[in-house]
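Okay, here's what each chain looks like letter by letter:
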Amino acid sequence: MQSHTITRRVFIGASTFILSVPLLASSFNKQRSLIEITQDGQFFSSSELTVLSDVADIMLPKTDTPSATDAHVVVILDAMMLSWAVTHTQEQFRACIKLIEDLATQTYDSVYINLSLAKRSQLITELDSRAFEQKKSNMSVNYRRLKEMIFHIYYTSEQVATDYVAMPGGYAGDISKTEFEAAQKRGYL
Amino acid sequence: MSQSSSQQYDVIVVGSGITGGWAAKEFCEKGYKTLVVERGRHLDHPSKEYNDMKAPWELDNHGLAPERLAEEGHYGMLLAKKGVLKSDSIQFFADDKEYPYSYPSKRPFMWTRGYQLGGRSITWGRQVLRWGKKDFESNAKDGHGVPWPIGYDDLAPWYDYVESFIGVSANKDGLDSVPDGVFQTPWEMSSAEKYIAKNLAKTYSDRRLIVGRAANLTKPTAQQSALGRAQCQARSHCQRGCTLGAYFSSLSATLPAARNTHNLTIVTDSIVSTVDYDEARGKASGVTVIDAKTKEKRSYKARVVFLCASALGSVQILLNSKSKRFPTGLANSSGVVGRYIMDHFTGVIAKSEVLGLEDRYAFGRRPIATYIPNYRHEKAEDVDFIRGFGFQTTARERPKIATFGKKSGIGVMAKEQAKQDKPWEFKALMYGEMLPYYDSRASLHPSKVDQWGIPQLHIDAKLKDNERNMIKQAAADIQEMLEVGGCSNITIRETPPNKHLMVGNRTHEMGGACMGADPKTSVLNKWAQAHDVANLFITDGACMSSCATQNPSLTYMAITARAADHAAKLMEQGQL
């Protein structure tokens, strides 16, 4: 297995990123395109974090904008399990991780993290599709809650919410796209 | 054991919110030694508790309120009002578990409070609309409630006075229903809002879509700048507190103005349990407070007492202030204290799209909505209700598709979709006028007390047929108006008649110590002065005899400034 350890800085990303939680050690498995978290978080175990991190990156992969990992989604989610979540939510998210692992076993007769990226992506895509078709099942409820949190953290992160303007300076309600984009670029009206 | 402060004040103002701040400013500027008593904690301005400078990723839990609050029964009412309780402003709301009140189990009442210096003026909606002549005439005209002892003309100069100080950014619309005032530069309507407004104006002579009137500075005056207040930067983080002082709050404006006179004393963490009554003099002598931390009692004396503790807060104090002369509560010879509790209500929420403006955008976050004022003051033959309703509306910014995880789809496609601009969306929320019902009542619970031993307030108020009929009409009206306005994909959500609509949900609770000409049927005279106790004034929402459809805070402020002026004249003349 080809594997190499990457620095915490690489995993965490931006040097200005400050968290009140310990940074997570990880390694990158190139063969399976998988970030393996090698350290337990504040709430999730290292194996749970590995699955979560992978699921988040499948949901929100790197394109011309950052991936979930680039936005530190799982690190923040792990911290929020203690500062935000109640026991029921903690159980829901853990159940969702177990569900994903069970689905991998049932579908491919393999543990989730040993699957290729293509198969992992196919599995999560199928899960997503089913979760929104049959919304009343526990599976659906747990998955949709987890997905909602991953998306919330992602879209409110510093790396992704780059169009957030702290001090617009005024409001213009009827402008062209060119004018709008120019104001966004300036960061004020 | 009760301790008595040796300091005698000219005026005691109970509460430091939107009206308490005004009373304090007016008396201090007139040279009177004034004590403001606030039940909550002290806050500076700007405060370390303000979160307006934080980006979304800097907020606790990325803006989400901790789930344990719901699990442990905290903030039950605010959590029921979905989307209000967030980590950026939770500190400015009182927790109903810590500060309980009572209501019938089948008719919950929502009482939103802010226990800190500045009260709810930190988190208020800042929509400042004058009431029109018809709003003050409605009780007398249709016989509901107690006729107002004042009219628009009595308040007009005080509206001017208040607007000049607080700063109101608004357009002069020339409407009788919401008269124009002293305005700063208005906020612009968005492309979609302009389009709808233009279409409505083509069809209707009585229905107008106007930009909201905001207590946010767009062109600060010298007076406002001198208080350290700056121009609004269109961040729309107002509920987090404003470091710039760009929106009006008592913390940023009236209390600093009062403090500048050196006539102001503020005590915080001091819960007024009673207004004390001197049987021999037939006047209020001051207040008794319970220290919120030590639970020790102490009292303060003054020539005049202004109750500005919020409508229901002031009612609770009055009812708890029992004496030989007033066994059912101070100034309650009429038996009307606690009666005629009102609030605005919304039973209709409309959503629609405005197509064809895909090349137009908005930049900045305008801190105010748009508004369709009440156009149904006159009862039409084809409707089965009296009074009317307006709509708070908005299409402030162009939304993006952003799934935020609530829809199916992941991966590259979901991310790409999230970046796409959606058509403009226009939303409308009905604001109806609740009639003043005698049996809509706040009273003291016979056995339940709070942690300071003060009887809990029991609030029993419900909407009746008139309001329910209004909801039906509002749903039909807004459907028609959105069609006329050029909107597409219209959806109307109407509250079913059998579903309880919580009074208090709009945080515009009014009544409980209404003004009126007759001491037998009302608590306050035309100066918001108690009929029974000449040196007691109540100028918060409790004094309102009807609730109209407009956001009420501007009217409270005008009534307060007018009452303070009158009280000061009586003090000068030696009558108080």
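Residues numbered from 1 in each chain as written. Chains lettered and ligands numbered in written order. Predicted model: local features only at pLDDT ≥ 70, side-chain atom pairs only at ≥ 80, totals over all residues.

## Description of the overall build of chain B
Thinking step 1. A tally of regular secondary structure across chain B gives twelve helices and 16 strands.
Thinking step 2. Each principal axis of the C-alpha distribution contributes one length, and for chain B these read about 75 × 55 × 50 Å.
Thinking step 3. The buried share of chain B, reckoned over its 576 residues, is 55%.
Thinking step 4. Pairs at least 24 apart in sequence give 72% of the contacts found in chain B among residues at least 6 apart. (Helix = DSSP H or I, 4+ residues; strand = E, 2+ residues; numbered from the N terminus. Buried ≥ 20, exposed ≤ 12 C-beta atoms within 10 Å, placed from the backbone. Contact = placed C-beta atoms within 7 Å.)

## Brief notes about the overall build of chain A
Thinking step 1. On a plain count of helices and strands, chain A comes out with seven helices and four strands.
Thinking step 2. Reading chain A from its N terminus to its C terminus gives the helix and strand order β-α-β-β-α-α-α-α-α-β-α.
Thinking step 3. Contacts in chain A between residues at least 24 apart in sequence constitute 51% of all its contacts with a sequence separation of at least 6.

## Some remarks on the interface of chain B and chain A
Thinking step 1. Counting from both sides, the interface comprises 40 residues of chain B and, opposite them, 44 residues of chain A.
Thinking step 2. Mapped onto the side of chain B that touches chain A, the elements with two or more residues apiece are α2 (68-71), α6 (191-203), β9 (360-363) and α10 (411-419) of chain B.
Thinking step 3. Here the side of chain B that touches chain A gets four residues from one element, more than from any other, and that element is β9(B).
Thinking step 4. Its residues assigned to classes, the side of chain B that touches chain A comprises 15 nonpolar, twelve polar and 13 charged.
Thinking step 5. Sheet analysis places strand β4 (residues 172-176) of chain A next to β9(B), joined by three bridges and oriented antiparallel. Its bridge partner being in β9(B), A:Ile175 is matched across the sheet by B:Tyr361. (Nonpolar A, V, L, I, M, F, W, Y, C, P; charged D, E, K, R; others polar. Pairing = 2+ DSSP bridges.)

## Describing the sheet that holds strand β3 (residues 210-211) of chain B
In a beta sheet, neighbouring strands are held together by backbone hydrogen bonds and run either parallel or antiparallel to one another.
Residue and element names in this part refer to chain B.
Thinking step 1. Overall, antiparallel pairing links the six strands, which are arranged β3-β10-β11-β12-β8-β15 in an open sheet. With partners counted over all chains shown, the strands left at the sheet margins are β3 and β15 (488-494), one partner each.
Thinking step 2. Summarising the sheet, strand β8 (residues 348-354) and strand β12 (residues 424-432) pair through six bridges and their orientation is antiparallel. Across the sheet, Ala350 pairs through a bridge with Ala428, a residue of β12.
Thinking step 3. Sitting on the sheet, α6 is in contact with β8, β10 (370-372) and β12, with an inclination near 60 degrees to β12.
Thinking step 4. Its contacts with the sheet put helix α11 (residues 465-484) on β8, β11 (389-394), β12 and β15, and the angle it makes with β15 is roughly 175 degrees. (Axes fitted to C-alpha atoms, helices over the stretch in contact; angles between N-to-C directions.)

## Things to note about the confidence of the model for chain B
Thinking step 1. Taken as a whole, chain B shows an average pLDDT of 96; of its residues, 98% reach a score of 70 or greater.
Thinking step 2. Taken over the whole predicted complex, pTM reads 0.95, whereas the ipTM for its chain interfaces reads 0.95. (pLDDT = per-residue confidence, 0-100.)

## Things to note about the UniProt feature "domain: Glucose-methanol-choline oxidoreductase N-terminal" (unreviewed entry) in chain B
Thinking step 1. Annotation from UniProt places "domain: Glucose-methanol-choline oxidoreductase N-terminal" (unreviewed entry) at residues 12-344 of chain B.
Thinking step 2. Split by type, residues 12-344 of chain B is 25% helix and 13% strand. Its first and last C-alpha atoms lie 30 Å apart. (UniProt positions renumbered as here; feature names shortened; annotations may be inferred.)

## Things to note about the packing of helix α2 (residues 46-59) of chain A against helix α4 (residues 87-108) of chain A
Residues and elements named next belong to chain A.
Thinking step 1. Packing of α2 against α4 brings their axes to within 10 Å, and their N-to-C directions diverge by 80 degrees. Accordingly, the angle class assigned to the pair α2 and α4 is roughly perpendicular. Side by side, α2 and α4 meet where Glu48, Val51, Leu52 and Val55 of the first sit next to Arg94, Ile97, Ile100 and Glu101 of the second.
Thinking step 2. Looking at the contact of α2 with α4 residue by residue, the class counts come to five nonpolar, no polar and three charged. (Parallel < 35°, antiparallel > 145°, perpendicular 65-115°, else oblique.)

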